[in-house]
Amino acid sequence: MPLYGSQNVDTQYQSAIEPNLYCDTVLIPGITYTEKYQRGPAGQIMVHKLDSGAEVEPGTPGRDFKDEEAKDSLIPIVFNNNFQKSRKIYGVQASAVSFEMGEEYLADALNMTKQGRQYSGLACMANEGTLLTDTTLVTESNAISILTTLRKKIKDNKGKANFAMVSTEIYAMFLKLLGLAQVMDPAVQSGELMKRFGLHILECNSFDKEEAKYYNSANELKTVDLTGIDFIVGYSEATSILDNFELYRLKDSENFAGTKAQVEYNTAFKVNSPKQLIIKKHTVARQATPSGT
């Protein structure tokens, strides 16, 4: 108990809660990934990718067609990444505090689950996208040049580019180099978009995890180091992130007097067009490894 001189004084607990801190949202449908292959209930989605066959070259008029057989490949998108968070709230605890424990812990569980899902999505992008071999250190003098070069590489692949995730350090450089003018996008709840060179530039404070994990389409658990990433530049339809189950509930417990705050996502991650997703690191990349190795 606090003392004022020799006098004990009261302690009071606030009903307001100091908010926890979470990663900014950078996985944004239509901006950094696509949900277009979401089609009804399934544990796996197979996407056809056509083989374009031979190049078309000119010939002389008055000739027959040369037929080519139809040919394609299949891209598997598997719902094999499950994210859960459950918090036990005893009734005696909830009745002894002045804030709504259930609602507060449920909101926290949702944010923590979405944060874990985002780390896995970034791990998939970093592992399945095209890694740039150039590990040049990004500075104020070359930051814009490197960004436009990454965009150019995607265009040279006959692809499209409309976003760039950048580390917090590089984003600070861009604020200085490109100015402070921001464009808010209604899809973004926790961050801002700066649009330059036809790219939505997003500050990513999730490049801080050494062992981000996800299950790939072959059901292999991959561990990916995100800490060396400077840029992820790509097209919003190059990566598929799909959910086939979502749960957000307060549930009365059958085992104790109280409730459980529970959140669950079941998610598929797949880079379906690696040529349209370029990753730039400033360190030599370690190959993604199975968990525990």
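These numbers were taken from a predicted model, which means no experiment stands behind them.

### Here's the deal with the confidence of the model for the protein chain
The predicted model of the protein chain averages 88 in pLDDT, with 91% of residues at 70 or higher. Note that residues 185-192 has pLDDT below 50 and, in this model, 12 contacts with residues that lie over four places away or in other chains.

### A look at the packing of aromatic side chains
Evaluated as defined, the whole model comprises three aromatic pairs. Considering the side-chain rings of F174 and F231, the 6.2 Å spacing of their centres and the 45° angle between planes classify their relative orientation as tilted. In this pair, F174 sits in helix α4 (residues 168-178) while F231 sits in strand β12 (residues 229-234), placing the two residues 57 residues apart along the sequence. Neither residue differs from the other here; F174 and F231 are each classed as buried. Positioned above the aromatic ring of F256 is the side chain of K88, whose terminal nitrogen or guanidinium carbon lies 5.2 Å from the ring centre.

### Let's talk about unusual backbone geometry
A positive phi angle, near 60°, is found at F197, a position not held by glycine. Inspection of the secondary structure assignment puts F197 in the loop between β8 (193-196) and β9 (199-204). What makes F197 partly exposed here is its relative accessible area of 35%. We note that N219 has phi near 60°; this positive angle belongs to a residue other than glycine.

### Regarding the pattern of salt bridges
Side chains that differ in charge, positive against negative, can pair when their charged atoms come close. Counted under the stated rule, the structure contains nine salt bridges. The shortest N-O distance in the salt bridge between K36 and E237 comes to 2.8 Å. Within this pair, whereas K36 is found in the loop between β2 (7-8) and β3 (44-50), its partner E237 is found in the loop between β12 and β13 (239-252), the two being separated by 201 residues in sequence. A residue is classified by how much of its surface remains accessible, and E237, at 31% relative accessible area, is partly exposed.

### A closer look at the packing of helix α3 (residues 143-156) against α4
It is the contact of α3 with α4, at a shortest axis distance of 10 Å, that shows an interaxial angle of 105°. In terms of axis orientation, α3 runs roughly perpendicular to α4. In this structure, α3 contributes A143, I144 and L147 to the contact, and α4 contributes M173, F174, L177 and L178. For the contact of α3 with α4, the class distribution of residues is seven nonpolar, no polar and no charged.

### Examining the pairing of β12
Of all six residues in β12, six are buried, a share of seventy percent or more. Of the strand pairs in this sheet, strand β7 (residues 163-167) and β12 are connected by four bridges, and their pairing is antiparallel. From the neighbouring strand, A164 faces β12, where its bridge partner is V233. Pairing analysis gives five bridges linking β12 to strand β15 (residues 277-281), with the strands arranged antiparallel. Of the residues in β15, the one forming a bridge with I229 is K281.

### Regarding the nonpolar core
Counting 38 residues, the largest nonpolar core has L122, M165, L226, I232 and L277 as its most contacted members. Of all the elements in the fold, those that place two or more residues in this core are β5 (81-90), α2 (101-128), β7, β9, β10 (212-215), β12, β14 (258-271) and β15. With 20 residues, the next largest nonpolar core counts A161, Y171, F174 and V233 among its residues.

### Looking at the sheet that holds β5
Across the sheet, which stays open at both edges, the three strands sit in the order β5-β14-β13 with antiparallel pairing between neighbours. Lying at the two open borders of the sheet, with one neighbouring strand each, are β5 and β13. Across this sheet, the average inter-strand angle for adjacent strands is 10°, counted without regard to direction.

### Here's the deal with the environment of L242
Here L242 shows up in strand β13. The buried category is assigned to L242, whose relative accessible area is 0%.

Parameters and conventions
- Residues numbered from 1 in each chain as written.
- Predicted model: local features only at pLDDT ≥ 70, side-chain atom pairs only at ≥ 80, totals over all residues.
- Heavy atoms only, no water.
- pLDDT = per-residue confidence, 0-100.
- Contact = heavy atoms within 4.5 Å.
- Phe/Tyr/Trp six-rings, centres within 6.5 Å; stacked < 30°, edge-to-face > 60°.
- Helix = DSSP H or I, 4+ residues; strand = E, 2+ residues; numbered from the N terminus.
- Buried < 20%, exposed > 50% of the residue type's maximum accessible area, 1.4 Å probe, protein only.
- Lys NZ or Arg CZ within 6 Å of the ring centre and 35° of its normal.
- Salt bridge = Lys/Arg side-chain N within 4 Å of Asp/Glu carboxyl O.
- Axes fitted to C-alpha atoms, helices over the stretch in contact; angles between N-to-C directions.
- Parallel < 35°, antiparallel > 145°, perpendicular 65-115°, else oblique.
- Nonpolar A, V, L, I, M, F, W, Y, C, P; charged D, E, K, R; others polar.
- Pairing = 2+ DSSP bridges.
- Core = buried A, V, L, I, M, F, W, Y, C linked by side-chain atoms within 4.5 Å.

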